Amino acid sequence: MKHTNRLIVYMLLALAGMLLSGCVSHAEPVDYEAILSRVHEGDERERVLRALSDAWYHSECRYPSGAVQDIFLYGPKDRGEVTIVAISSKLRDGQLIVDHLGTFESYFLDIPGYFAGCEPPLKDAFER
């Protein structure tokens, strides 16, 4: 027991030292406006997929109407800090054309069914 307490104290001291010395990294905030500036309403969806290929995760949500919402994850791989970029496209003359650009707060990931039907599932992004 005495040995365990000593180990805990050493671990806490080491953690405090890391925090004070700046050894614990903090993710830089994601500039979602810069990300969104790469794409525009009226763009073809395929162009958007290429322009946002630097996202660390991409999921596609298809709807019966033929519309698609692409979800791109940027920033920390932490459910509470991730930046969610959403691009919606609708069918026009047989092509998927972007009709809306935006972001979601990370808490949307915790709303049951909000991103249901997206493939691959967004929950898989955080289970790796």
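1. Re the packing of aromatic side chains
Line of reasoning, step 1. Under the definition given, this model contains eight aromatic pairs.
Line of reasoning, step 2. A centroid spacing of 5.0 Å and a plane angle of 55° characterise the contact between phenylalanine 104 and phenylalanine 108, whose relative ring orientation is tilted. Judged on exposure class, the residue phenylalanine 104 and its partner phenylalanine 108 are both buried.
Line of reasoning, step 3. On the numbers, 5.4 Å between centres and 90° between planes, the contact of phenylalanine 104 with phenylalanine 115 is edge-to-face. A residue pair is termed long-range when its members are at least 10 positions apart, and phenylalanine 104 in strand 4 (residues 95–104) and phenylalanine 115 in the loop between strand 4 and strand 5 (118–119) qualify at eleven residues. Residue phenylalanine 104 shares its accessibility class with phenylalanine 115, and that shared class is buried.
Line of reasoning, step 4. An aromatic cluster is defined as three or more aromatic residues linked by ring pairs; in this entry it consists of Phe104, Tyr107, Phe108, Tyr114 and Phe115.

2. Considerations on the sheet that holds strand 1 (residues 57–62)
Line of reasoning, step 1. Read across the open sheet, the five strands follow the order 4-3-2-1-5; overall the sheet is antiparallel. Each edge of the open sheet is held by one strand with a lone partner, namely strand 4 and strand 5.

3. Some words on the confidence of the model for the protein chain
Line of reasoning, step 1. Within the protein chain, residue pLDDT values average 83, and 77% of them lie at 70 or more.
Line of reasoning, step 2. Considering only residues more than four positions removed or in separate chains, one finds that residues 3–25, a stretch of pLDDT under 50, has three contacts.

4. Description of the environment of arginine 38
Line of reasoning, step 1. Inspection of the secondary structure puts arginine 38 in the loop between helix 2 (32–36) and helix 3 (45–51).
Line of reasoning, step 2. Overall, arginine 38 belongs to the partly exposed group, its relative accessible area being 28%.
Line of reasoning, step 3. Along the backbone, arginine 38 and valine 48 are ten residues apart, and their C-alpha atoms lie at a distance of 8.1 Å.
Line of reasoning, step 4. Each residue touching arginine 38, except ones within four places of it in the same chain, is listed here: Arg47, Ala51, Leu52, Asp54 and Tyr74.

5. Concerning unusual backbone geometry
Line of reasoning, step 1. Residue proline 120 follows glutamate 119 across a cis peptide bond; omega there is -10°.
Line of reasoning, step 2. Along the chain, proline 120 falls in the segment after strand 5.
Line of reasoning, step 3. In this structure, aspartate 93 is a non-glycine residue whose phi angle is positive, near 55°.
Line of reasoning, step 4. Take aspartate 93: it is sitting in the loop between strand 3 (83–92) and strand 4.
Line of reasoning, step 5. A relative accessible area of 84% places aspartate 93 in the exposed class.

6. Brief notes about the pairing of strand 4
Line of reasoning, step 1. Both strand 3 and strand 4 contribute to a ladder of nine bridges, which runs antiparallel. Bridge pairing links arginine 92 to glutamine 95 in strand 4.
Line of reasoning, step 2. Counted between consecutive antiparallel strands, the loop separating strand 3 from strand 4 contains two residues, among which aspartate 93 sits at a positive phi close to 55°.

7. A few points about a nonpolar patch on the surface
Line of reasoning, step 1. Residues Tyr107, Ile111 and Tyr114 make up a contiguous nonpolar surface patch of roughly 300 Å² in combined accessible area.
Line of reasoning, step 2. Turning to its location among the elements, isoleucine 111 is positioned in the loop between strand 4 and strand 5.

Rules of the game
Residues numbered from 1 in each chain as written. Predicted model: local features only at pLDDT ≥ 70, side-chain atom pairs only at ≥ 80, totals over all residues. Heavy atoms only, no water. Phe/Tyr/Trp six-rings, centres within 6.5 Å; stacked < 30°, edge-to-face > 60°. Buried < 20%, exposed > 50% of the residue type's maximum accessible area, 1.4 Å probe, protein only. Helix = DSSP H or I, 4+ residues; strand = E, 2+ residues; numbered from the N terminus. Pairing = 2+ DSSP bridges. pLDDT = per-residue confidence, 0-100. Contact = heavy atoms within 4.5 Å. Patch = residues over 30% accessible without salt bridge, like charges linked within 9 Å, V, L, I, M, F, W, Y side chains within 5 Å. Areas by Shrake-Rupley, 256 points an atom, 1.4 Å probe, with all protein chains shown as cover. Salt bridge = Lys/Arg side-chain N within 4 Å of Asp/Glu carboxyl O.

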